[in-house]
Amino acid sequence: FLPSDKMIPAMESVLRVFDRYGERKSRAKARMKFLLKDIGLAAFKELITEEQKAIQNVVRDFAAKELKPNIAGWYEDGQLPARDLAKALGGIGVLGMHLKNYGCAGTDAMSYGLACMELEAVDSGLRSLVSVQGSLAMFAIYKFGSEEQKQEWLPKMAKGEAIGCFGLTEADHGSNPSGMATFAK
């Protein structure tokens, strides 16, 4: 983590998003200062292990070199190279990183959260790509799939060679998962 006095300037892109949605910049900045200073979020770095810091740094460096320079262009063009990004994210081990075996890193929840936080700092959609792939698509196979399905899909998904999805919306039930009628055979 950056010290809180350096983190505020680094969050200027977040402030631009607040501005787009009608939030006043000074109010948004005050909220971030409150979170970083008064709640002590920056002091959190003392609680994470060296391994967790190393994972966070790998993702932070990847995000700075590969994602941040391109995200505005992808947004403006309305194009996201999702397949290439999935392979790159798989290459650094973040897809399904909290799962064990089947080509997954088997890290702890804190490492997964730190990796997702670094991606979220660049763009929430990029973090969503990782969390939907790992926590929704891969975890469903990991938890409920047959051994054959696990061996076929999880290594490919961990490498970003296959991209999972999660459908939640239905015409008659909206986003209510308990009312969904669609199923796969």
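Above this text is the structure in question.
*Asks:* What's the story with the layout of surface pockets in this structure? I'm lost.
*Replies:* Gaps left between atoms are located by rolling a probe of water-molecule size over the structure's atoms. Within this model, the second largest pocket holds a volume of roughly 180 Å³. Phe166, Gly167, Leu168, Pro177, Met180, Thr182, Phe183 and Ala184 together form the lining of the second largest pocket. Looking at the lining of the second largest pocket residue by residue, the classes come out as six nonpolar, two polar and no charged.

*Asks:* I tried to follow unusual backbone geometry on my own but got confused; where do I start?
*Replies:* Glycine aside, residues mostly have negative phi, and peptide bonds are mostly found in the trans state. In this model, Asn101 sits at a positive phi of 70 degrees, which is unusual for a non-glycine residue. In this structure, Asn101 sits in strand S1 (residues 100–101).

*Asks:* Got a minute to help me understand the nonpolar core in this structure?
*Replies:* It is characteristic of soluble globular proteins that their nonpolar side chains tend to be buried jointly. If you look at the biggest cluster of nonpolar residues, it comprises 19 residues, and the most contacted ones within it are Leu67, Leu89, Val94, Met97, Leu119 and Val130. When residues of this core are traced back to their parent elements, those giving at least two are helix H4 (50–77), helix H5 (82–91), helix H6 (109–122) and helix H7 (124–144). At seven residues, the largest contribution of residues to this core is made by H4. Leave out the neighbours within four places in its chain, and Met97 touches Ile55, Ala105, Gly106, Thr107, Ser111, Tyr112 and Ala115. Within the second largest apolar cluster, nine residues are counted, among which are Tyr102, Ala137, Met138 and Ala158.

*Asks:* What should I look at first to understand H5 in this one?
*Replies:* The α-helix winds at 3.6 residues per turn, so residues separated by three or four positions along the chain end up facing the same way. When we look at burial in H5, the residues that qualify are Leu85, Ala86, Leu89 and Gly90. Considered in projection along H5, the buried side chains sweep an arc of 135 degrees and stay on one side of the axis. Every exposed residue of H5 that faces more than 90 degrees away from the buried side is listed here: Arg83, Asp84 and Gly91. As for H5, its buried residues are in contact with H4, H6, H7 and helix H8 (147–159). Two residues or fewer past H5, Gly93 is found with a positive phi of approximately 85 degrees.

*Asks:* In this structure, what is going on with the packing of H5 against H7? I would like to understand it.
*Replies:* The angle between the axes and the distance between the axes are what describe a pair of packed helices. As a packed pair, H5 and H7 sit with axes 11 Å apart at the nearest point and diverge in direction by 65 degrees. Considering the angle they form, H5 stands roughly perpendicular to H7. For H5 against H7, the interelement crossing comes out right-handed. Contact residues: Ala82, Leu85, Ala86 and Leu89 in H5; Leu126, Leu129 and Val130 in H7.

*Asks:* For this particular structure, what's the right way to read H6?
*Replies:* Over its 14 residues, H6 runs 20 Å from end to end, which matches the ideal 20 Å to within 8%, given 1.5 Å per residue. Inspection of H6 places Ser111, Tyr112, Leu114, Ala115, Cys116, Glu118 and Leu119 among the buried residues, and these make up the whole buried set. Next to the buried residues of H6 lie H4, H5 and H7.

*Asks:* What am I meant to see in the environment of Met157 here?
*Replies:* Tracing the backbone shows Met157 in helix H8. For the pair Met157 and Cys104, spaced 53 residues apart in sequence, the C-alpha separation works out to 9.1 Å. Met157 has contacts with Leu95, Gln133, Ala137, Met138, Ile141, Ala162 and Gly164, leaving out every residue within four places of it along the chain.

Conventions we followed
- Residues numbered from 1 in each chain as written.
- Predicted model: local features only at pLDDT ≥ 70, side-chain atom pairs only at ≥ 80, totals over all residues.
- Heavy atoms only, no water.
- 1 Å grid on protein atoms, 1.4 Å probe; cavity = no way out; pocket = protein on both sides within 12 Å on 5 of 7 lines; lining within 4 Å.
- Points joined across faces, edges and corners; volume = space filled by probe spheres on them.
- Nonpolar A, V, L, I, M, F, W, Y, C, P; charged D, E, K, R; others polar.
- Helix = DSSP H or I, 4+ residues; strand = E, 2+ residues; numbered from the N terminus.
- Core = buried A, V, L, I, M, F, W, Y, C linked by side-chain atoms within 4.5 Å.
- Buried < 20%, exposed > 50% of the residue type's maximum accessible area, 1.4 Å probe, protein only.
- Contact = heavy atoms within 4.5 Å.
- Arc of directions from axis to C-beta.
- Axes fitted to C-alpha atoms, helices over the stretch in contact; angles between N-to-C directions.
- Parallel < 35°, antiparallel > 145°, perpendicular 65-115°, else oblique.
- Left-handed = near helix turned anticlockwise from the far one by under 90°.
- Expected span 1.5 Å × (residues − 1).

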